[in-house]
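# Structural features, examined
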Amino acid sequence: MDRSMDYLVRALERTKSCVVVMKYTKDEPVTRTKLDYISENVQQLGMNLSSLRGGFRLPKDYIHPEDRNGFLEAVSVAAETKTNFTFRVRLVGDDGVIRNVDVSSEYIDYDGDYYLIEYVFQEVVLQDGATVESSGSKKDSLGRLITKDIFKEEELGELFGFFARAYGLYSTVVDQDGRPLLPPVGPEAYLGHYYDMFERPENQEIFDTIKRSAMMQEDAVYMELPDGNPDSRVSAVPLMVSGVYLATWMLCSHDKSQTAALRIASREQYRFGEVISNCIQRIVLARKRTEREKEIEQQLEFELRQKTVLAELQDVIRQEDSENIRTIIQRAAEVLDVDYAFLMHKNRKSDEQELLREAWSASGGLPPEWNHHSFTEEQRKALSIEGYVVDQRNMTNQIRVTMFQGIARAAILMPVPVDGEIIGRIVFMETRRERVWTDAELHFARLIGRMLGETIEYAEGLGAKRSTGRELLDIFHQLTISVFIKEDETGKVLFANEALNRRLGIDFKGQDSKKLIPDGREEYESYPGTLREDMAPTTGIRKWRRYINQLGGIYDVTEIPIEWLDGRPATTVLLRIATD
C-alpha cells in the first residue's frame, strides 16, 4: 500500500468511517446492485470484509431491519432525482453491536447502462443517550404497550401462578404475537415444553386459533393440544382493556388428573381473567393520567418560557446591532430544542432561488444544503401563507431526501413577512429524533417568523417609517375635523378617523371614497371659494369646496398626496365645514 493510501485509511479509521461504492443498473430497482468498491476498514463497523467482497452479503444487509426499507426508498428517490443525501440508520454488526451510523451518498454518472452511488458510513455518538428510531416507525397500539414490566412491577404475574398452583396446572401468558410475557409455571415434568411452545409454525397456528376463539366468546376456550400426548388440553382466556386485545392467559394439562382439574379451573378462569384485566385497566389509566399531567406541566413550562423569551426579544428588534437576527434565531432554537435554525432569504435577482442569510446549529456547523426547487406548487403556496410543517405524521423519504439531504426527522418552515411581502422563511430542523410538533411550538415559530420580519424592517428603515405613519394616524383620530386616506389607484379608503365614522354612522375604512366625494368638481364651481379645475395645481396640496350629501353640508376639502405605510401612492383628505 502506498503512503497516500495509508494516510487515507488512517483518516477513515480516526473518523470511524468507511467507503462503499455500489453499481446500479439504470431503469431497474435499486435492489439490482453489486459491490464496486469497499474500504478495508469496514470491520470497525462490525462488517465482514471477506463476506462482502465474496458477494455473500451486501452492505444494506447490515442495516437494522426496521431502517432498511426506509433507506432503500431514499436510495431510490436519490437515484431518480440524482440527489445526494445523508440518512441515519442503525447498523447491526456481526459482533452483535448496534451502531448509530450516518450514511452519506453521492450520485455518480457512470455510463449508458449503469450509475454509481458512493456511500460514506460514519459512526455517530448521539447526545443524552438518544437512540435512532426506525424511519418508518409509528406509535405502538395500546395492545403492544403491555409488556413484561406491567406484570412484574404490579405483581400481577404472581396471581396467575397462585391460581395455577392451586389446581396443579401449567400456566403461561403470551402477548399478541404469541411471545411469553411471563415465565411458565407448573409441575416440573412438562415445564420445559413451554419455552419454545409458540416458536414452531404449527404451534403458532394453534395460538392464532385460540386467540380468535377467545375474542368471540364470553367463556374460556377449551381444546386439545396436538403435541402427541392424548391427554394434553388447554384452556385460554383473553386479557382485554377497552376492547383492545392485550394478551392470552393459558392453563394446560398433560395427564388425566390434570385434565380433570383443568375442567374445574376453566369455569373460574374467565372470571379471574376479567378481574386481572380490570386491574390492568386501572394501572394503564393511572399511568395515562400521570403522563397527561406531565404533558400539561411541560406545556405550561414551555408557554411560560416562550412568553419570557418573546418579551426579551422585543427589545432586540429595535437594537441597531448586526447580531440581532442571529440572537433571535438562536434563542428560538433553544426554546424549541432543535439542532438547526436558519433564515433563508429570497434572491432579489431570482425568486426561484433562496440564499442562506443567517444560521445557528447546536454543533456549530452549517445546516444541510437547502433545495428550494424540490417544493411542489401546493407546498410553495402553504409556505407563503401559514408555513409548512413536517414531522412524524407526514414525513416521507421523498421529502427527507429532496428537501433536507436525508438528515431531517422533523422541520418547521415559517414565512418571514417584510412590508407585506414574504422575503424568505425561518427553518427549524430536528435531526436527532422523530417528533410531532405541538400547537404551542408552531404558534411560537410563526411569531418568530413575524418578529424576524419586523427586525429586518427596522434594519432597512421601514420600521421607523411605519412607526411615524402610525403615530400620524393616532393624531388624526384625535382631530375633531373629518379625515380619511384613500388609495390613488382604486379610490379605496385605507383609513378613516373617528370623527368621520361618527358623522357617517359607519366605519368608512374599506369603502369606496367616491361614495362620499364623486370624481369631478365642475358642477360645484358656483360655491364661494371654489377652486376651479383649470386653476388646480397638478402637484402638491389641493384645496376646494363642495356640498357633501352624506354629511349634509358644504365642506372645504383639502387633498394632500402621501405615501401609505406600505409605500402605495395615496391621498389624505381633510373635511372642514365651510364657515363663510
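Residues numbered from 1 in each chain as written. Predicted model: local features only at pLDDT ≥ 70, side-chain atom pairs only at ≥ 80, totals over all residues. Heavy atoms only, no water.

### Notes on the overall build of the protein
For the protein, the helix and strand inventory stands at 14 helices and 19 strands. Counting over 580 residues, the protein shows a buried share of 46%. The long-range fraction of contacts in the protein, counting pairs at least 24 apart against all pairs at least 6 apart in sequence, stands at 55%. (Helix = DSSP H or I, 4+ residues; strand = E, 2+ residues; numbered from the N terminus. Buried < 20%, exposed > 50% of the residue type's maximum accessible area, 1.4 Å probe, protein only. Contact = heavy atoms within 4.5 Å.)

### Description of the packing of aromatic side chains
For the coordinates displayed, the defined rule picks out 13 aromatic pairs. Relative to Tyr-115, the ring of Tyr-24 has its centre 5.3 Å away and its plane inclined at 10°; by these criteria the two rings are stacked. On the criterion of sequence distance, the pair formed by Tyr-24 in strand β1 (residues 17-25) and Tyr-115 in strand β5 (residues 114-123) is long-range, its members being 91 residues apart. In this pair, the class of Tyr-24 matches that of Tyr-115, namely buried. Taking the centre distance of 5.2 Å and the plane angle of 40° together, the rings of Phe-163 and Tyr-167 count as tilted. (Phe/Tyr/Trp six-rings, centres within 6.5 Å; stacked < 30°, edge-to-face > 60°.)

### Looking at the environment of Leu-479
Positionally, Leu-479 belongs in the loop between α13 (462-478) and β15 (482-487). For Leu-479, a relative accessible area of 31% translates into the label partly exposed. Note: C-alpha distance between Leu-479 and Leu-500 (21 residues apart in sequence) is 9.8 Å. Those residues in contact with Leu-479 that sit more than four places away from it in its chain are Asn-497 and Ala-499.

### Quick word on the packing of helix α9 (residues 324-336) against helix α12 (residues 439-459)
It is at 10 Å that the axes of α9 and α12 come closest, and there the two elements cross at 175°. Taken as axis vectors, α9 and α12 run roughly antiparallel relative to one another. Listed contacts from α12 to Asn-324, Ile-325, Ile-328, Ile-329, Ala-332, Val-335 and Leu-336 of α9 are Glu-441, Phe-444, Ala-445, Ile-448, Met-451, Leu-452, Thr-455 and Ile-456. Looking at side-chain class alone, the contact of α9 with α12 contains twelve nonpolar, two polar and one charged residues. (Axes fitted to C-alpha atoms, helices over the stretch in contact; angles between N-to-C directions. Parallel < 35°, antiparallel > 145°, perpendicular 65-115°, else oblique. Nonpolar A, V, L, I, M, F, W, Y, C, P; charged D, E, K, R; others polar.)

### What about the pattern of salt bridges?
Under the criterion given, the structure shown has 18 salt bridges. Between Asp-231 and Lys-256 there is a salt bridge, and its shortest N-O distance comes to 3.5 Å. Of this pair, Asp-231 sits in the loop between β7 (221-224) and β8 (233-241) while Lys-256 sits in helix α8 (residues 256-317), placing them 25 residues apart in sequence. Judged by relative accessible area, Lys-256 falls into the exposed class, the value being 65%. A single network of salt bridges, built from pairs that share partners, joins Glu-430, Arg-435 and Glu-441. (Salt bridge = Lys/Arg side-chain N within 4 Å of Asp/Glu carboxyl O.)

### Regarding the nonpolar core
With 34 residues, the main nonpolar core has Ile-329, Phe-428, Phe-444, Ile-448 and Leu-452 as its most contacted residues. Every element with two or more residues in this core is listed here: α8, α9, β10 (340-347), β13 (410-418), β14 (421-430) and α12. A total of eight residues in this core trace back to one element, the largest contributor, which is α12. In this structure, Val-42, Val-75, Val-101 and Tyr-115 belong to the second largest nonpolar core, which totals 32 residues. (Core = buried A, V, L, I, M, F, W, Y, C linked by side-chain atoms within 4.5 Å.)

### A look at helix α6 (residues 157-167)
What α6 keeps buried is the set Gly-157, Phe-160, Gly-161, Phe-163 and Ala-164. Around the axis of α6, the buried residues are gathered within 165° of arc, so they sit on the same side. Opposite the buried face of α6, at more than 90 degrees from it, the exposed residues are Arg-165 and Ala-166. Once α6 ends, the next one or two residues include Gly-168, with phi positive near 70°. (Arc of directions from axis to C-beta.)

### Describing the environment of Leu-356
Following the sequence through the fold, Leu-356 ends up in strand β11 (residues 350-361). It is 9.9 Å that separates the C-alpha atoms of Leu-356 and Leu-366, two residues lying ten residues apart in sequence. In this structure Leu-356 touches Phe-342, Leu-343, Met-344, Leu-366 and Pro-367, once residues within four positions along its chain are discounted.

### Here we look at empty space enclosed by the protein
This model, assessed by the stated rule, comprises three cavities of 30 Å³ or more. Computed from the structure, the largest cavity encloses a volume of approximately 140 Å³. If you go around the largest cavity, you meet 14 residues; those closest to its centre are Met-22, Tyr-24, Lys-60, Phe-71 and Tyr-119. Mapped by element, the contributors of at least two residues to the lining of the largest cavity are β1, α3 (65-81) and β5. In the lining of the largest cavity, the residues fall into twelve nonpolar, one polar and one charged. (1 Å grid on protein atoms, 1.4 Å probe; cavity = no way out; pocket = protein on both sides within 12 Å on 5 of 7 lines; lining within 4 Å. Points joined across faces, edges and corners; volume = space filled by probe spheres on them.)

### Points about the confidence of the model for the protein
Confidence along the protein averages 77 in pLDDT terms, with 74% of residues attaining 70 or more. The low-confidence segment residues 128-145, where pLDDT is below 50, has 40 contacts with residues more than four positions distant or belonging to other chains. Confidence over residues 522-538 falls short of pLDDT 50; this stretch has 21 contacts with residues more than four positions distant or in other chains. (pLDDT = per-residue confidence, 0-100.)

### A few points about the side chain of Thr-259
Turning to its location among the elements, Thr-259 is positioned in helix α8. The buried category is assigned to Thr-259, whose relative accessible area is 11%. Only 3.0 Å separates the side chain of Thr-259 from the backbone oxygen of Asp-231, close enough to count as a polar contact. (Polar contact = N/O pair within 3.5 Å; in protein donor to acceptor, adjacent residues only side chain to side chain.)

### Observations concerning the pairing of β1
Side-chain direction in a regular strand flips from residue to residue, so the side chains alternate between the two faces of the sheet. Of all the nine residues making up β1, eight are buried; the element is thus mostly covered by neighbouring parts of the structure. Where β1 meets β5, nine bridges bridge the pair, whose relative direction is antiparallel. Bridge pairing in β5 links Val-21 to Glu-118. Here β1 runs beside strand β2 (residues 33-38); their pairing, made up of five bridges, is antiparallel. The residue bridging Tyr-24 from the neighbouring strand is Thr-33, located in β2. (Pairing = 2+ DSSP bridges.)

### Some remarks on a nonpolar patch on the surface
Residues Leu-472, Ile-475 and Leu-479 make up a contiguous nonpolar surface patch of about 240 Å² in total accessible area. Among the secondary structure elements, Ile-475 is positioned in helix α13. What makes Ile-475 partly exposed here is its relative accessible area of 48%. (Patch = residues over 30% accessible without salt bridge, like charges linked within 9 Å, V, L, I, M, F, W, Y side chains within 5 Å. Areas by Shrake-Rupley, 256 points an atom, 1.4 Å probe, with all protein chains shown as cover.)

### Comments concerning the sheet that holds β2
Pairing is antiparallel in the open sheet, where five strands are placed in the order β2-β1-β5-β4-β3. With partners counted over all chains shown, the strands left at the sheet margins are β2 and β3 (85-92), one partner each. Ignoring which end each strand starts from, the neighbouring axes of this sheet average 30° apart. Across the sheet, α3 lies against β1, β3, β4 (98-109) and β5, angled at about 155° from β3, the strand it touches most.

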